[in-house]
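Residue-level listing of the chains:
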Number of protein chains: 2
Amino acid sequence: MSAQTNIQRKSDMAEKLVYSFAGGASDGDGTMRNLLGGKGANLAEMCSLGLPVPPGFTITTEVCVGYYTEGKKLPADLSRQVAEALAKVEKDVGAKFGDAENPLLLSVRSGARASMPGMMDTVLNLGLNDVTAKALAKKTGNERFAYDSYRRFIQMYSDVVLEVDHYHFEEMLEQKKRDRDIELDTELTAEDLKELVSEYKAKVAEELGTSFPDDVNAQLWGAIQAVFNSWMNPRANTYRRLHDIPESWGTAVTVQSMVFGNMGNDCATGVAFTRNPSTGEHKYYGEFLINAQGEDVVAGIRTPQPLEEMPAVMPDVYKQLTAVFDKLEAHYRDMQDIEFTIQNNKLWMLQTRNGKRTAAAAVKIAVDMVQEKVITKAEAIKRIDPLSLDQLLHPTLDPKAQKTVITTGLPASPGAASGKVVFTAEDAEAMALDHKEKVILVRIETSPEDIHGMHAAQGILTARGGMTSHAAVVARGMGKPCVSGAGDLRIDYAKKELKAGSHTIKEGDIITINGGTGEVMLGLIATVQPKLSSDFNELMSWADEMRVLKVRTNAETPLDAEVARRFGAEGIGLCRTEHMFFDSERIIAMREMIVAQSVEGRKAALAKLLPMQRNDFVELFRIMHGLPVTIRLLDPPLHEFLPHTEEDIKQVAASAGISVEVVRHRAHELKEQNPMLGHRGCRLGITYPEIYEMQARAIFEAAASIIKEGKENVIPEIMIPLVMMPKELEILKALVDKTAAEVMKEKGVKIEYMVGTMIELPRAALRAAEIAESAEFFSFGTNDLTQTTLGISRDDSASFIEAYKKQGIVEQDPFVSLDQSGVGELISIAAERGRKTRSDLKMGICGEHGGDPASIAFCQKTGLTYVSCSPYRVPVARLAAAQAVL
Amino acid sequence: MSAQTNIQRKSDMAEKLVYSFAGGASDGDGTMRNLLGGKGANLAEMCSLGLPVPPGFTITTEVCVGYYTEGKKLPADLSRQVAEALAKVEKDVGAKFGDAENPLLLSVRSGARASMPGMMDTVLNLGLNDVTAKALAKKTGNERFAYDSYRRFIQMYSDVVLEVDHYHFEEMLEQKKRDRDIELDTELTAEDLKELVSEYKAKVAEELGTSFPDDVNAQLWGAIQAVFNSWMNPRANTYRRLHDIPESWGTAVTVQSMVFGNMGNDCATGVAFTRNPSTGEHKYYGEFLINAQGEDVVAGIRTPQPLEEMPAVMPDVYKQLTAVFDKLEAHYRDMQDIEFTIQNNKLWMLQTRNGKRTAAAAVKIAVDMVQEKVITKAEAIKRIDPLSLDQLLHPTLDPKAQKTVITTGLPASPGAASGKVVFTAEDAEAMALDHKEKVILVRIETSPEDIHGMHAAQGILTARGGMTSHAAVVARGMGKPCVSGAGDLRIDYAKKELKAGSHTIKEGDIITINGGTGEVMLGLIATVQPKLSSDFNELMSWADEMRVLKVRTNAETPLDAEVARRFGAEGIGLCRTEHMFFDSERIIAMREMIVAQSVEGRKAALAKLLPMQRNDFVELFRIMHGLPVTIRLLDPPLHEFLPHTEEDIKQVAASAGISVEVVRHRAHELKEQNPMLGHRGCRLGITYPEIYEMQARAIFEAAASIIKEGKENVIPEIMIPLVMMPKELEILKALVDKTAAEVMKEKGVKIEYMVGTMIELPRAALRAAEIAESAEFFSFGTNDLTQTTLGISRDDSASFIEAYKKQGIVEQDPFVSLDQSGVGELISIAAERGRKTRSDLKMGICGEHGGDPASIAFCQKTGLTYVSCSPYRVPVARLAAAQAVL
């Protein structure tokens with residue numbers, strides 16, 4: 001309901017601010033979450049279903065919104081409506097609020113549109129004072145229960161509404177037990193509790209200078225207002241920010257008659273799931289506590305019994321309860337998380353909601369429910385958060401293990417790993433290969449030369465760099481855990497140690513990292529290995545049936561390609577040839593090529609690289625068995641390959657047969673201020689055409705050798721990076737075509753191939769119509785396109801992007817989820833203009849966003865052909881692509 | 001005429017390939033440059049005007065174009081049309097081509113649409129062979145003349161058509177003179193020349209294996225084809241590339257009857273300008289040579305006499321000639337560059353064209369012609385190349401001075417300067433201030449910390465960086481000569497020397513740089529100081545009347561602001577506050593602010609900077625006298641201000657009262673991979689709001705103090721840089737507004753002000769509608785917008801941008817002239833979307849492009865309000881803005 005219609009209705013008649021539920025009828029229903037909050041809507045719905053719900057009413061979220069816009073004032077008509085609703089509850093329960101004979105007790109709870117567990121405040125047993133407590137004692141014949149309820153109420157109300165810290169009360173309770181020389185609360189007598197009530201009230205008066213409210217209506221309004229206030233408490237604010245919940249939603253307040261699980265041994269309280277939320281097994285799962293109030297279960301003060309033991313102690317109630325479970329699951333068509341109370345052998349339902357569950361359970365429940373014909377395959381697919389699948393693919397920390405977190409960085413690549421700390425890629429390799437040690441590679445930041453060390457390590461930890469830093473991207477590609485940008489770390493390469501706060505960790509000390517949370521921990525912490533269930537495969541096969549977008553992978557090593565195939569990749573969307581050049585043997589030839597000062601010098605060095613590149617492609621083509629393989633020609637600034645150390649320089653000089661001085665001068669010449677915007681991508685192809693020519697030759701020769709075997713075909717897709725001008729592509733396509741013609745003639749085979757380009761600069765997106773004249777496909781390089789469209793280098797964004805999220809300037813790191821209204825507009829423009837020139841233009845996305853569900857939905861909407869993502873993201877993308885269709 | 005209509009017409013009837021001009025009538029006219037070339041069209045026009053033009057005809061440029069598309073074949077009908085036209089010439093002249101009695105001689109010349117002086121080939125005296133030479137001797141009674149013409153013809157034809165190198169013939173000529181023991185060609189007798197003819201022909205036969213063509217028609221077709229071939233010779237290709245002349249234009253061929261200035265002492269040849277092309281003075285200006293052929297004047301073999309001496313020797317012809325001058329100038333309404341020949345006291349006009357002139361002459365001629373009522377003010381304005389005005393504003397090298405060029409870099413900032421070489425900003429300052437020496441600051445590249453040294457130096461030379469590198473931009477701003485990106489230089493700071501090729505230059509050695517050409521020269525070379533003429537001021541005042549775009553300047557120092565005011569700037573469009581922080585006193589406070597690890601630490605340091613900033617603004621506001629001043633808040637990455645040396649680090653640590661270790665760690669933390677895409681611009685304002693708050697306070701306090709004086713008003717325009725998200729601006733505008741309110745309250749004055757933003761990221765351009773909700777003005781930062789739209793850092797583009805120009809991928813360096821179809825589209829989108837939100841949105845451009853005429857025309861077309869450029873570009877922009885309207 002908009003503010004406008006709200007005002008209009010006000011002028012017509014009093015707006016409905018309060019919704020009752022009682023006796024199998026309710027004003028609201030389960031669809032009214034926005035107005036009544038999740039809890040209020042659920043209670044209304046359960047009540048309508050005829051389930052035993054303690055009568056009550058809900059004050060709408062709009063009252064909360066108005067409360068804040070009107071300077072914390074409640075609407076005039078609210079007290080009348082609450083009084084009316086309360087009268088209905090009194091009538092239904094047969095008790096009166098504040099009555100000296102038969103008093104009605106109430107609970108007051110918050111309930112927002114989205115669940116915010118534990119974030120806001122609740123008051124129970126409201127309506128007790130010296131008079132009603134006495135009446136309760138008399139009515140229940142249980143004085144101890146009455147005064148225990150009373151002292152609990154004072155404690156809770158004082159904490160939540162009056163803001164008197166609860167430790168005061170806990171202290172007094174402990175003191176009382178010490179005085180009585182007893183251990184357990186339950187050993188306190190009614191008399192003890194009465195004394196405590198007096199002492200509590202005295203304490204409140206002392207702290208506040210006014211006495212604890214005896215008037216039950218004052219209690220009620222204090223509690224209602226406290227719930228509204230709790231919407232803006234720091235805990236709630238933080239939770240909302242972390243979970244993207246707008247402040248403007250507000251919370252509802254549900255006031256409900258109390259039922260008691262602690263009135264005796266025919267009473268109990270419990271929580272239950274209709275299926276196992278951890279494994280998904282189709283079996284009731286829960287706990288209950290005899291003679292206890294709900295908060296005891298939640299707080300873990302006493303240890304509850306498993307639900308399996310209930311038939312033995314309360315067989316009738318158990319039967320009734322499981323009937324309710326089945327009814328609720330059938331009604332909601334999803335696994336339910338239920339709270340119940342048994343008062344004098346009568347079952348009361350306090351809450352039901354869709355249960356939270358692990359990724360494994362989510363998959364199993366969804367698949368089971370399809371097989372039970374409860375939901376459709378499409379519904380099953382929609383129920384799984386694609387990102388949660390990551391949990392199923394990577395080792396995770398044993399949730400029961402103890403841990404000492406020494407710092408937290410960015411959760412850059414999921415999974416957990418432990419190992420000995422090493423500080424260089426060389427040490428990582430040596431320790432891992434020679435000594436068979438598990439190691440964690442710790443670097444200030446990583447560079448392409450560290451890749452062999454990253455391969456050797458169990459996980460990677462860096463002090464600098466964001467979610468799409470080199471370390472993060474490469475680690476995700478490898479499926480290795482990585483924590484990046486742990487800015488508190490001080491790494492001293494010389495001393496081979498790292499400091500985090502007061503901890504000093506030396507080379508060889510063991511740490512554990514959790515790439516799913518960003519935590520870095522001392523010592524070895526047990527991990528749980530993943531295995532893919534048949535349910536998982538079933539679900540993925542349904543996703544594959546439904547999706548339109550193809551899913552490819554970003555891979556260049558045989559290992560990555562194999563993993564991706566196993567995860568269902570339908571081709572390679574991005575093979576970054578530069579990653580193939582960091583091998584120790586190749587890097588020398590590569591450096592020789594770079595420092596060469598003539599075309600001949602470069603060609604000589606390239607001739608050494610050609611057979612290696614050819615073999616790379618032969619291997620990849622074999623693994624991909626005829627699936628499309630998109631190969632990007634050399635992209636990064638040459639200086640990434642430069643020799644750094646004196647040793648490197650000498651080695652290159654010797655290999656190239658030139659002086660150390662020349663190598664050093666050339667290395668100096670190639671240094672750039674902003675390499676991301678420098679001499680890279682197809683600019684290398686234009687200035688040093690012999691490089692691209694060698695690469696094209698390697699690709700075509702590899703294809704020729706596979707084709708000649710006659711078993712399968714290869715249709716390489718050659719991709720030119722960083723095009724900004726249509727003519728760049730025109731020139732380089734001609735070079736590729738010429739090379740193809742030469743190889744085909746030499747080898748006597750016909751090779752089909754495509755030449756396309758990355759669209760990764762704003763200018764390329766704008767000039768897509770002209771570029772499509774040469775390009776047979778577009779691949780949107782959304783990492784670079786984000787960098788240029790937003791003017792943010794992914795390597796340097798960590799220093800401010802968190803502040804941007806906190807201040808609400810960006811909702812998400814734009815390198816994690818596509819900036820749809822900026823970068824997205826350019827992609828749409830390019831897609832539209834490109835298609836105008838070439839209606840059958842193949843288009844895909846190959847940035848990090850290719851594995852992000854929201855970005856995948858955008859790709860579907862924009863009509864792209866495929867997404868390409870790192871191997872471990874392939875299942876995520878398959879599921880997200882199916883959801884994008886639904 | 002398109003190829004299509006061409007083919008169509010061919011099928012209808014023979015296409016007209018040849019245009020005659022003869023006897024006061026011609027097929028073509030002066031408007032047909034595209035078809036007949038400049039020379040052909042001009043001859044046709046002169047002929048129509050009734051001027052004495054030797055009869056002839058022109059073969060069209062379309063024949064040339066066809067020649068290349070048809071694989072160097074000439075159209076079938078051409079020979080018939082040439083024969084017809086030739087017959088007309090024969091009839092008009094009364095001589096026959098190849099005739100044994102009265103032979104017609106011809107010249108064959110190229111002539112493209114645009115003048116390409118000396119780039120293509122010409123053949124004179126065509127039609128001579130042993131028979132016709134004899135006839136010529138007889139007819140003229142001048143055997144020596146006839147055989148001199150013959151040997152010249154053989155030499156020229158062999159060189160141009162037969163490709164026998166001319167040095168052979170020069171060698172033989174010299175030998176002949178040595179044999180005869182004479183010095184001058186004119187001392188050779190007819191007999192000597194006859195012998196030379198035979199020897200020349202023998203040489204040709206020896207070189208080619210075939211004899212020199214005696215057949216005059218073979219000679220003619222050989223020459224025609226040679227002209228067409230010359231369109232693609234390397235010289236012509238280079239010239240076209242440098243002058244942006246498309247290959248597809250082709251050249252025409254003009255065949256014309258010969259007239260001779262070398263038939264005796266009643267003959268002469270000459271060139272003349274109708275006004276002085278160097279000063280613009282309204283006085284005939286030229287040279288002539290008695291008894292000589294035109295090529296002798298051009299080649300400078302003999303020294304010609306000034307035109308002033310002609311009345312004494314040929315009074316009648318002189319009178320006739322000046323009448324022609326006046327007629328031509330009146331006809332073409334511009335100063336003419338004329339070639340003429342006098343044959344036996346008869347004047348023949350060979351060529352006229354608008355004369356090339358210096359910038360000073362261009363201004364004077366244009367202004368004079370307006371005063372003479374020959375042209376309108378608008379025409380006067382259109383005639384001046386705005387960029388040429390640079391010549392008038394900067395010292396230039398004395399064109400007569402000898403020079404040794406040791407290397408050539410980019411012409412980064414115009415003007416010439418000489419001085420002693422220094423390698424550090426400190427040395428520059430010390431030498432210049434303490435020793436009153438003129439110095440040239442030589443750096444590998446400059447950074448903001450070098451600015452004081454750049455101020456002290458006469459000129460700046462760098463080994464790295466493009467046309468918009470730091471050195472280039474700052475030097476242009478200061479109006480100082482700069483040569484940047486001289487990549488051949490090897491600068492050794494340690495040895496204090498630089499090497500260029502074989503030259504080694506040590507500190508203290510004198511060099512001269514020419515920032516207009518990029519040349520670096522040994523020693524001191526005389527320069528000419530500029531002065532602005534009253535004509536210049538007159539012309540600029542007309543430009544000001546006509547233009548719509550306002551012209552502001554980019555300035556932050558009082559000196560720059562004053563220079564810009566003198567050049568007519570109408571406000572400051574970009575005051576870069578960061579440039580104000582490099583002063584030695586301020587940099588310490590700035591560094592203290594940067595290394596501070598708390599808000600309090602930063603505030604303490606900022607408090608030291610506040611009074612300095614306030615004074616800066618007071619000064620600027622005073623100089624600008626109420627004109628608008630746009631102040632950009634801090635923009636560059638903080639690391640630009642970081643301490644570099646150990647000394648710096650110690651100083652900052654002491655000043656901030658923190659440890660050296662902390663300063664070093666912080667400096668390390670702030671280092672970025674790609675600072676251009678890093679933590680800069682408004683990202684600093686968001687993360688460290690206290691910085692922008694201090695700057696806003698300094699601005700408002702300065703404005704308040706001026707306003708309080710009551711003499712004039714100040715309306716500061718505060719500009720937030722690097723906005724990518726509407727919310728960034730929203731937050732920072734609120735901060736500025738809050739600060740303004742505080743200052744107004746404290747000072748008790750009302751300050752009008754505007755808050756706007758730079759549009760310098762593609763995303764900002766796309767989201768301009770939302771950004772305009774907070775922004776009261778947009779300033780297009782086209783430097784950064786070019787960097788991000790094209791993905792090129794201006795600091796790193798030098799390594800490939802030349803290759804891009806050579807391969808025709810870009811026409812112009814996009815940092816020099818706006819990339820209209822890429823960056824320009826984003827500007828158009830932003831302007832349109834911004835105006836939709838706020839119809840009175842003020843919009844300007846403040847990148848380097850603000851001083852580029854083509855970019856200014858784009859700004860006019862896009863409807864911007866103003867352009868802002870460096871002070872020395874202000875006159876250029878004023879003129880270009882007027883031209884953009886016309």
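Here's a quick rundown of the structure.

Reading guide: rules and limits
- All chains use their own residue numbering, which begins from 1 and follows the written sequence.
- Going through the entries in the order they are written, you letter the chains from A and number the ligands from 1.
- It should be noted that, the model being predicted, local features are given only for residues of pLDDT at least 70 and side-chain atom pairs only at 80 or more, the latter also being counted only at that level, while totals for whole chains, interfaces and linings use all residues.
- The basis for every side-chain value is the complete set of non-hydrogen atoms in the structure, without hydrogens or water.
- In what follows, a contact means two residues having at least one pair of non-hydrogen atoms within 4.5 Å.
- What counts as a salt bridge is simple: a side-chain nitrogen of Lys or Arg found within 4 Å of a carboxyl oxygen of Asp or Glu.
- Each polar contact in these results corresponds to two N or O atoms within 3.5 Å; when the atoms are within protein, one needs to be able to donate a hydrogen and the other to accept it, and residues that are neighboring in sequence are counted only if both atoms are side-chain atoms.
- Secondary structure elements are defined from DSSP: runs of H or I of at least 4 residues count as helices, runs of E of at least 2 residues count as strands, and each element is numbered from the N terminus.
- For this classification, the nonpolar set comprises Ala, Val, Leu, Ile, Met, Phe, Trp, Tyr, Cys and Pro, the charged set comprises Asp, Glu, Lys and Arg, and every other residue, Gly included, is treated as polar.
- Throughout, exposure labels follow a simple rule: accessible area from a 1.4 Å probe, protein chains only, divided by the maximum for the residue type, with under 20% read as buried, over 50% as exposed, and the rest as partly exposed.
- Note on handedness: a clockwise path from strand one over the helix to strand two, with the strands aimed away from the viewer, defines a right-handed crossover.
- To superpose the copies, least squares is applied to the C-alpha atoms of every residue with a pLDDT of at least 70 in both.
- A pair of strands is considered paired only if DSSP assigns at least 2 bridges between the two.
- Helix span, as expected, comes to 1.5 Å for every residue beyond the first.

### Some thoughts on the interface of chain A and chain B
Contacts between chain A and chain B engage 53 residues on the former and 53 residues on the latter. Along the contact surface separating chain A from chain B lie six salt bridges. Between A:Arg763 and B:Asp819 there is a salt bridge, with its nearest N and O atoms 2.7 Å apart. The interface formed by chain A and chain B includes 35 residue pairs in polar contact (both at pLDDT 80 or more). Listed by contribution, the elements that provide at least two residues to the side of chain A that touches chain B are α25 (660-670), α26 (682-687), α28 (726-747), α29 (762-766), α31 (782-790), α32 (798-806) and α33 (823-837) of chain A. Residues belonging to the side of chain A that touches chain B are distributed by class as follows: 20 nonpolar, 17 polar and 16 charged.

### Some points on the pairing of strand β17 (residues 416-422) of chain B
The element β17(B) is largely enclosed, with a buried count of six among its seven residues. Traced from β17(B) through helix α17 (residues 425-434) of chain B to strand β18 (residues 439-443) of chain B, the parallel crossover comes out right-handed.

### Some points on the relation of the copies chain A and chain B
Its rotation angle being 180°, the transformation that places chain A on chain B also includes 0.1 Å of axial translation and leaves an RMSD of 0.2 Å. Put plainly, the chains are arranged around a two-fold axis. Here 100% of the contact residues of chain A are again contact residues in chain B; the copies associate through an equivalent surface.

### A word on the environment of A:Ile406
Residue and element names in this part refer to chain A. When you line up the elements, isoleucine 406 lands in strand β15 (residues 405-408). Taking the C-alpha atoms as reference, isoleucine 406 lies 34 Å from phenylalanine 169; in sequence the two are 237 residues apart. In this view, isoleucine 406 contacts Ala500, His503, Ile505, Val520, Met521 and Leu522; residues no more than four positions away in its chain are not counted.

### Some thoughts on the sheet that holds strand β11 (residues 305-306) of chain A
Residue and element names in this part refer to chain A. The five strands are arranged β11-β10-β9-β12-β13 in an open sheet whose pairing can be described as antiparallel. Each having just a single partner strand, β11 and β13 (346-354) make up the two edges of the open sheet. Bridging between strand β10 (residues 285-290) and β11 involves two bridges; their strand directions are antiparallel. Among the inter-strand pairings, phenylalanine 288 is bridged to a residue of β11, identified as glutamine 305.

### Quick word on helix α4 (residues 78-93) of chain B
All names here are of chain B. Between its first and last C-alpha, α4 extends 22 Å over 16 residues, near the 22 Å set by a 1.5 Å rise per residue. For α4, the set of buried residues is Leu78, Gln81, Val82, Ala85, Leu86, Val89 and Glu90. One or two residues past the end of α4 sits glycine 94, with phi positive at roughly 80°.

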